[in-house]
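Structure assessment
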Amino acid sequence: LYIRSKHKVDVAWHHIWCEQDYLDLTNELKEISVPGLFIHGEVDPLVPAKAAIETQRLAPHSELLIVHGMGHMIFNRSLEDIIADAVTAHLKFIR
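The following paragraphs examine the structure supplied in this document. (Residues numbered from 1 in each chain as written. Predicted model: local features only at pLDDT ≥ 70, side-chain atom pairs only at ≥ 80, totals over all residues. Heavy atoms only, no water.)

**Observations concerning the pairing of strand β2 (residues 62-67)**
In the case of a regular strand, side chains alternate between the two sheet surfaces. When strand β1 (residues 36-41) meets β2, the two strands line up parallel, connected through 6 bridges. Within β2, the position partnered with G36 by the bridge is S62. After leaving β1, the chain enters helix α3 (residues 49-58) and then returns to the sheet as β2, a path that is right-handed. (Pairing = 2+ DSSP bridges. Helix = DSSP H or I, 4+ residues; strand = E, 2+ residues; numbered from the N terminus. Right-handed = clockwise from strand over helix to strand, strands pointing away.)

The structure is reproduced here in structure tokens:
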């Protein structure tokens, strides 16, 4: 999983520990009053895209970008560019 990454293998353990301490923030999502942008990988093996869709549905004034070919982490420059463009467009929109 981390062969193509500059991240240490310990990163995976942080994900596992977060899963163990899972906190349901469903109600808090409904209270968000600022425009948000959720970015999610289409082929994320840890968190399915349907979870991102549900998260965005619960947060009013939010958008969701599901990035084709992206997993749980960003491994290549073209994905970074797609995400940077989406964040830039979102920030221009909320100004």
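**Describing helix α4 (residues 77-94)**
Here α4 spans 26 Å end to end across 18 residues, near enough to the 26 Å set by a 1.5 Å rise per residue. Of all the residues in α4, the buried ones are L79, I83, A86 and H90. Buried residues of α4, seen end-on, are gathered within an arc of 60° and therefore sit on one face of the element. Exposed residues lying more than 90 degrees from the buried face of α4 are R77, D85 and K92. (Expected span 1.5 Å × (residues − 1). Buried < 20%, exposed > 50% of the residue type's maximum accessible area, 1.4 Å probe, protein only. Arc of directions from axis to C-beta.)

**Examining a nonpolar patch on the surface**
A cluster of nonpolar side chains, namely V87, L91, F93 and I94, defines an oily patch on the protein surface of about 370 Å² accessible area. Structurally, V87 is set in helix α4. According to the relative accessible area criterion, V87 is partly exposed, its value standing at 32%. (Patch = residues over 30% accessible without salt bridge, like charges linked within 9 Å, V, L, I, M, F, W, Y side chains within 5 Å. Areas by Shrake-Rupley, 256 points an atom, 1.4 Å probe, with all protein chains shown as cover. Salt bridge = Lys/Arg side-chain N within 4 Å of Asp/Glu carboxyl O.)

**Digging into the environment of N27**
Here N27 is to be found in helix α2 (residues 26-30). The exposure class of N27 is exposed, given its relative accessible area of 54%.

**Regarding the environment of L65**
Structurally, L65 can be placed in strand β2. Measuring from C-alpha to C-alpha, the distance between L65 and A52 comes to 9.2 Å, with 13 residues separating the pair along the chain.

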